[in-house]
Amino acid sequence: MKDIINIDSISSIHKALGLSSPAHPLISVISTRELKQKLQVSAGKFSFDLYIISLKEIGVGAFQYGRKSYDYQDSSLIFTAPGQVMQFEEDQNQRIQDGEGWDIFFHPDFIRHSPLASTISDYSFFEYENNEALHVSEKEKKILLDFVTNIANEIDQNIDKHTQELIIINLESILKYSKRFYDRQFYTRSNYNHDYLVKFEKFLKNYFTSHLLVESGLPTVQQCGEALHLSGYYLSDLLKVETGKTAKEHILLHMVKEAKTKLLNSNSSVSEIAYDFGFEYPQHFSKVFKSKTGFSPSEYRNLN
């Protein structure tokens, strides 16, 4: 089995792809067209210490990012955070000849001293899973391409004190528009997403009546996502669009609903109920309950 090759710089990705040295040490824009004649990378797995934003079109083929497998049957926008693993297939060199697209690679150091360093985690699509790519229209592709072109032009110019700021402005624009396009995708798939809402509620109901609640505590967002074959991040964003509440909020509200039933229909103490829900410390349970109802568990029981 081949070792995973670590790509820790812009220079190393250029070398792996058979390209000349990058014009900027921390960011690069690479077009699929540019790769057609120069791609030399062999099949294998590569670990990236870089952020990657990729637009892939029909015919580009399949890549695998860790557990994420993308087959580009449409124009797909893929976001990858540092630490992900990319796998090139054996026939990748041939299949890449048939498609168009672009990739933006940038090192975390490029944004480290900018506000984007603290806000990039808000763009949860960097953590999405295999069936959660953003499919963009021709109009949307053109909007994004303008920003990509601006970045490429800035990189090709002589680097000065304005270069980084202007590139980051365009990077942020790509991310903000992508968030908008993802919201559009959530809305246009509303009927499809409703099925996930039903499955999510069923999962919570089954979980709260199983031994897992006492043994492991409340389900995590990631557990909920995996049960529905989604990433926790995608599930939470889907729920936020459909219901106005995140997955974590739904989990806590379901817990409170079940807790109300126990408080009014059993003689169990508040501490016993807290332990039943997997809380190690009853005061934590009481704090969560009060944050959602305005009353402590004891107050709620006495009032009702």
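The shown structure was predicted, so the numbers you read here are calculated from the model rather than taken from an experiment.

A. The arrangement of the overall build of the chain in detail. Helix and strand content of the chain: 15 helices and 10 strands. Looking at the chain as a whole, 46% of its 304 residues are labelled buried. Summarising the internal contacts of the chain: among those between residues at least 6 apart in sequence, 72% fall at separations of at least 24. With the model as given, the accessible surface of the chain reaches about 15800 Å², and the carbon-plus-sulfur share is 49%.

B. Fine view of helix 11 (residues 232–243). Compared with an ideal rise of 1.5 Å per residue, which puts 12 residues at 16 Å, helix 11 spans 16 Å between its outermost C-alpha atoms and is within 8% of the ideal. For helix 11, every residue scored as buried is listed here: Gly232, Tyr234, Leu235, Ser236, Leu238, Leu239 and Val241. For helix 11, the secondary structure elements touched by its buried residues are helix 7 (163–188), helix 8 (190–208), helix 10 (221–227) and helix 12 (247–265). Once helix 11 finishes, Gly244 follows within two positions and takes phi at roughly 85°, a positive value.

C. Looking closely at helix 8. If you check helix 8, its first and last C-alpha atoms are 27 Å apart, about what 19 residues at 1.5 Å a residue would give, namely 27 Å. Taken residue by residue, helix 8 has Asn193, Tyr196, Leu197, Phe200, Phe203, Leu204, Tyr207 and Phe208 as its buried positions. The buried residues of helix 8 occupy one face: seen down the axis, they fall within an arc of 130°. Away from its buried face, by an angle of more than 90 degrees, helix 8 presents the exposed residues Asn191, Lys202 and Lys205. Contact partners of the buried residues in helix 8: helix 7, helix 9 (212–216), helix 10, helix 11 and helix 12.

D. Region of interest: the pairing of strand 4 (residues 51–56). Burial analysis of strand 4 places six of its six residues in the buried class, which makes it a mostly covered element. Residues of strand 4 alternate between two faces, with Tyr51, Ile53 and Leu55 on one and Ile52, Ser54 and Lys56 on the opposite face, all of them buried. In the sheet, strand 4 pairs with strand 9 (residues 101–106) via six bridges, with the strands oriented antiparallel. Paired with Leu55 across the strands is Trp102, a residue of strand 9. Two strands pair when backbone bridges link them, and strand 4 and strand 7 (residues 76–80) are joined in this way by five bridges, in the antiparallel orientation. Residue pairing for strand 7: Ile53 is matched across the bridge by Phe79.

E. Structural detail: the packing of helix 8 against helix 11. Put simply, helix 8 and helix 11 touch, their axes get as near as 10 Å, and they point 110° apart. Relative to helix 11, the element helix 8 is oriented roughly perpendicular. Counting all contacts with helix 8, which are made through Ser190, Asn193, Tyr196, Leu197 and Phe200, the residues of helix 11 involved are Leu235, Leu238, Leu239, Glu242 and Thr243. Split by residue class, the contact of helix 8 with helix 11 holds six nonpolar, three polar and one charged.

F. The arrangement of the sheet that holds strand 10 (residues 134–135) in detail. Within the open sheet, the five strands sit side by side as 2-9-4-7-10. Their pairing is antiparallel. Both edges of this open sheet fall to strand 2 (27–31) and strand 10, since each of them pairs with a single strand only. Where strand 7 and strand 10 come together, two bridges link them in antiparallel fashion. Its bridge partner being in strand 10, Ser76 is matched across the sheet by His135.

G. Structural context of the packing of aromatic side chains. Scanning the entire structure with this criterion turns up 23 aromatic pairs. On the numbers, 5.4 Å between centres and 70° between planes, the contact of Tyr51 with Phe126 is edge-to-face. One end of the pair, Tyr51, is in strand 4; the other, Phe126, is in the loop between helix 5 (116–119) and strand 10, and 75 residues separate them in sequence. Grouping residues by exposure puts Tyr51 and Phe126 together as buried. Taking 5.4 Å as the distance between ring centres and 85° as the angle between the ring planes, the aromatic pair formed by Tyr192 and Tyr196 counts as edge-to-face.

H. A look at a positive patch on the surface. Judged by side-chain charge, Lys240, Lys245, Lys248 and Lys292 come together as a positively charged surface patch. On the secondary structure map, Lys292 appears in helix 14 (residues 282–293).

I. Structural detail: the confidence of the model for the chain. Of all residues in the chain, 85% have pLDDT values of 70 or greater, and the mean over the chain is 86. In this model, residues 59–73 is a region of pLDDT below 50 whose contacts with residues beyond four sequence positions or in other chains number 63 contacts. Of the regions scoring below 50 in pLDDT, residues 92–97 engages in 17 contacts with residues more than four places distant in sequence or in other chains.

J. Local environment of the pattern of salt bridges. With the rule as written, the count across this model stands at four salt bridges. Among the ionic pairs, Arg112 bridges to Asp109, the shortest N-O distance being 2.6 Å. You can call Arg112 partly exposed: its relative accessible area is 47%. For Glu140, the salt bridge is made with Arg184, and the minimal N-O distance between the two is 2.8 Å. With Glu140 in helix 6 (residues 138–156) and Arg184 in helix 7, this pair connects stretches of sequence that are 44 residues apart. Classification of Glu140 as buried rests on a relative accessible area of 9%.

About the thresholds
Residues numbered from 1 in each chain as written. Predicted model: local features only at pLDDT ≥ 70, side-chain atom pairs only at ≥ 80, totals over all residues. Heavy atoms only, no water. Helix = DSSP H or I, 4+ residues; strand = E, 2+ residues; numbered from the N terminus. Buried < 20%, exposed > 50% of the residue type's maximum accessible area, 1.4 Å probe, protein only. Contact = heavy atoms within 4.5 Å. Areas by Shrake-Rupley, 256 points an atom, 1.4 Å probe, with all protein chains shown as cover. Expected span 1.5 Å × (residues − 1). Arc of directions from axis to C-beta. Pairing = 2+ DSSP bridges. Axes fitted to C-alpha atoms, helices over the stretch in contact; angles between N-to-C directions. Parallel < 35°, antiparallel > 145°, perpendicular 65-115°, else oblique. Nonpolar A, V, L, I, M, F, W, Y, C, P; charged D, E, K, R; others polar. Phe/Tyr/Trp six-rings, centres within 6.5 Å; stacked < 30°, edge-to-face > 60°. Patch = residues over 30% accessible without salt bridge, like charges linked within 9 Å, V, L, I, M, F, W, Y side chains within 5 Å. Salt bridge = Lys/Arg side-chain N within 4 Å of Asp/Glu carboxyl O. Lys, Arg positive; Asp, Glu negative; His and termini not counted. Charge placed at Lys NZ, Arg CZ, Asp CG, Glu CD. pLDDT = per-residue confidence, 0-100.

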